[in-house]
Amino acid sequence: MSCHGFSPDYYTYPCVLKACSGSDNLRVGLKIHSAVVKVGLDLNLFIGNGLVAMYSKCRCLVQARRVLDEMPIRDVVSWNSMVSGYAQNGCFDKALDVLQGNGVIVMLFQYSRLLMQCARAECE
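Starting afresh in each chain, residues are numbered from 1 along the sequence in its written order. Thresholds applied to this predicted model are a pLDDT of at least 70 for local features of residues and 80 or more for the giving and counting of side-chain atom pairs; totals over whole chains, interfaces and linings are not thresholded and use all residues. Only hydrogens and water are set aside; all other atoms, that is, all heavy atoms of the structure, feed into the side-chain values.

Visitor: Describe the packing of helix 1 (residues 12–22) against helix 2 (residues 26–38), and please don't skip the residues or the numbers.
Guide: Interhelical geometry of helix 1 versus helix 2 gives an angle of 160 degrees and a closest axis separation of 9 Å. Regarding the angle of helix 1 to helix 2, the classification is roughly antiparallel. Of the two elements, helix 1 crosses helix 2, and the hand of that crossing is left-handed. Contacts between helix 1 and helix 2 involve Tyr13, Val16, Leu17 and Cys20 from the former and Val28, Gly29, Ile32, Ala35 and Val36 from the latter. Among the residues forming the contact of helix 1 with helix 2, the class breakdown is eight nonpolar, one polar and no charged. Helix axes use the C-alpha atoms of the stretch in contact, all axes being lines fitted to C-alpha atoms, and the angles between their N-to-C directions lie in the range 0 to 180 degrees. Numbering of helices and strands starts at the N terminus; helices are DSSP runs of H or I of at least 4 residues and strands are runs of E of at least 2. Orientation labels follow simple angle bins: below 35 degrees gives roughly parallel, above 145 gives roughly antiparallel, 65 to 115 gives roughly perpendicular, and whatever is left gives oblique. Here a crossing is taken to be left-handed if its near helix is turned anticlockwise relative to the far helix by less than a right angle, and right-handed if that turn runs clockwise. Any pair of residues with heavy atoms lying within 4.5 Å of one another is described as a contacting pair. In this classification, the charged set is Asp, Glu, Lys and Arg, the nonpolar set is Ala, Val, Leu, Ile, Met, Phe, Trp, Tyr, Cys and Pro, and all remaining amino acids, among them Gly, are polar.

Visitor: Which residues make up the environment of leucine 114, and what are the values?
Guide: Residue position: leucine 114 is located in helix 7 (residues 108–123). For the pair leucine 114 and alanine 95, spaced 19 residues apart in sequence, the C-alpha to C-alpha distance is 7.7 Å. Apart from the residues within four sequence positions on either side, leucine 114 is in contact with Ala87, Phe92, Ala95, Leu96 and Leu99.

Visitor: Please set out helix 6 (residues 92–100) residue by residue, giving values where relevant.
Guide: Partly exposed describes any residue whose relative accessible area lies between the buried limit of under 20% and the exposed limit of over 50%, with all areas from a 1.4 Å probe on protein chains only and scaled to the type maximum. What helix 6 keeps buried is the set Phe92, Ala95, Val98 and Leu99. Angular distribution of buried residues about the axis of helix 6 spans 120 degrees; they occupy a single face of the element. Turned more than 90 degrees away from the buried face of helix 6, the exposed residues are Asp93, Asp97 and Gln100. It is the directions from the helix axis to the C-beta atoms that the arc portrays.

Given below as structure tokens:
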């Protein structure tokens, strides 16, 4: 993309981060995170959400939480990404803490997703 005179932007980076998440490619995700910081887009809401989701899916929950905590603006997607990351990695207590704390408006949908993850863990 850069070779053709185009610069990635806050639309491009979330798409690339999602691809890293889907392929479980943390190495490329780390490079993308570094590039985002270099161009000054690390505080963008959509990129932050993509980073939280990418780190969560790559099982780097400490880094995912660090990104979430450093985001100047968070939305429902931000919190849902962190809750899902904790739940998918078996950290149900931390997922509940996120749901109950931080002034987050708790959605019944998220509680049901968390309960489903807990039930799956019990069955395994």
